Amino acid sequence: MTDSKTNAGRIEREKRTIEAMLNIYCSDHHQDNGVLCDECTQMLDYARQRLTTCPFQQAKPACNHCQVHCYAPEMRKRVKAVMRYAGPRMTLRYPLLSLLHLLDKLRKAPALGPGKK
C-alpha cells in the first residue's frame, strides 16, 4: 500500500467514525428516521473538512490527545458532547470502528515541525 493510500485510508476511517458517532447522537437526541438533522449534518461536514486538512494525516492521534485543536471553540464543545455521548455506545452499534478508535487513543500526537501550528 502506498503512503498516499494509507493517509487517505486513515482519514477516511476517521470520517466514518465521526459519522457513526453523529448517527448515534442524532438518532437518540434529534430524530430517528435514519437521516441526520440539519445541525448534525453541519457538524459532520465541518468535521470532514477539518479531517481533510489535518496536519498529521496518517499519524493523526485521537482528537482529545492532539496538541493542535483545529476546531473552533464552539464547534469543539458541540463535537465533544457528541463524542462523550456516542463513544460508549459505539461498541455495540459499530464494534470495529469502536475498537480501531480505542487503539487510536493509544497513539501519541507527533510534534509539528518548526513554524507550523
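Higher on the page you've got the structure.
What you are looking at is a predicted structure, and each value in this text was computed from that prediction instead of being measured.

Asker: Mind showing me how you'd approach helix α2 (residues 38-52) here?
Answerer: Over its 15 residues, α2 runs 21 Å from end to end, which matches the ideal 21 Å to within 8%, given 1.5 Å per residue. By the burial criterion, the buried members of α2 are C40, M43, L44, A47 and L51. Viewed along the axis of α2, the buried residues span an arc of 100°, placing them on a single side of the element.

Asker: Just to check I follow, could you spell out the packing of aromatic side chains for this structure?
Answerer: The description of two aromatic rings rests on the distance between their centres and on the angle between their planes. The full count for this structure, using the stated rule, is two aromatic pairs. Between the aromatic rings of Y25 and Y85, the centroid separation amounts to 5.8 Å while the plane-to-plane angle is 80°, which identifies the pairing as edge-to-face. Placement of the pair is Y25 in helix α1 (residues 3-29) and Y85 in helix α3 (residues 73-93), with a sequence separation of 60 residues. Taking relative accessible area as the criterion, Y85 reaches 21% and is therefore assigned partly exposed. Judged by centre distance (5.3 Å) and plane angle (90°), the ring pair of Y46 and Y71 falls under edge-to-face. Of this pair, Y46 sits in helix α2 while Y71 sits in the loop between α2 and α3, and the two are 25 residues apart along the sequence. Classification of Y46 by relative accessible area gives partly exposed; the value is 21%. A cation over an aromatic ring shows up here: R89 above the ring of Y85, its NZ or CZ 3.7 Å from the ring centre.

Asker: Explain the packing of α2 against α3 here, please?
Answerer: Between two packed helices, both the angle of their axes relative to each other and the distance between the axes serve to describe the pair. At a closest axis distance of 11 Å, the pairing of α2 and α3 adopts a crossing angle of 105°. Here α2 lies roughly perpendicular to α3, going by the angle between them. On α3, the residues touching E39, Q42, M43 and Y46 of α2 are M75, R78, V79 and V82. Among the residues forming the contact of α2 with α3, the class breakdown is five nonpolar, one polar and two charged.

Asker: How should helix α4 (residues 95-104) be read in this particular structure?
Answerer: Because each turn of an α-helix spans 3.6 residues, side chains separated by three or four positions in sequence point in the same direction. By the burial criterion, the buried members of α4 are L97, S98, H101 and D104. All buried residues of α4 lie within an arc of 120° about the axis, which places them on one face of the element. Seen from the buried face of α4, the exposed residues on the opposite side, beyond 90 degrees, are P95 and L96.

Asker: Would you take a moment to explain the packing of α3 against α4 for this structure?
Answerer: Orientation of α3 relative to α4, taken along the N-to-C sense of each, is 130°, at an axis distance of 6 Å. With respect to each other, α3 and α4 are oriented oblique. α3 and α4 meet at a crossing whose hand is left-handed. Every residue of α4 that contacts α3 at M90, T91, L92 and R93 is listed here: P95, L97 and S98.

Calculation rules
- Residues numbered from 1 in each chain as written.
- Predicted model: local features only at pLDDT ≥ 70, side-chain atom pairs only at ≥ 80, totals over all residues.
- Heavy atoms only, no water.
- Helix = DSSP H or I, 4+ residues; strand = E, 2+ residues; numbered from the N terminus.
- Expected span 1.5 Å × (residues − 1).
- Buried < 20%, exposed > 50% of the residue type's maximum accessible area, 1.4 Å probe, protein only.
- Arc of directions from axis to C-beta.
- Phe/Tyr/Trp six-rings, centres within 6.5 Å; stacked < 30°, edge-to-face > 60°.
- Lys NZ or Arg CZ within 6 Å of the ring centre and 35° of its normal.
- Axes fitted to C-alpha atoms, helices over the stretch in contact; angles between N-to-C directions.
- Parallel < 35°, antiparallel > 145°, perpendicular 65-115°, else oblique.
- Contact = heavy atoms within 4.5 Å.
- Nonpolar A, V, L, I, M, F, W, Y, C, P; charged D, E, K, R; others polar.
- Left-handed = near helix turned anticlockwise from the far one by under 90°.

Keep in mind that these numbers describe shape and distance, not what the molecule does.
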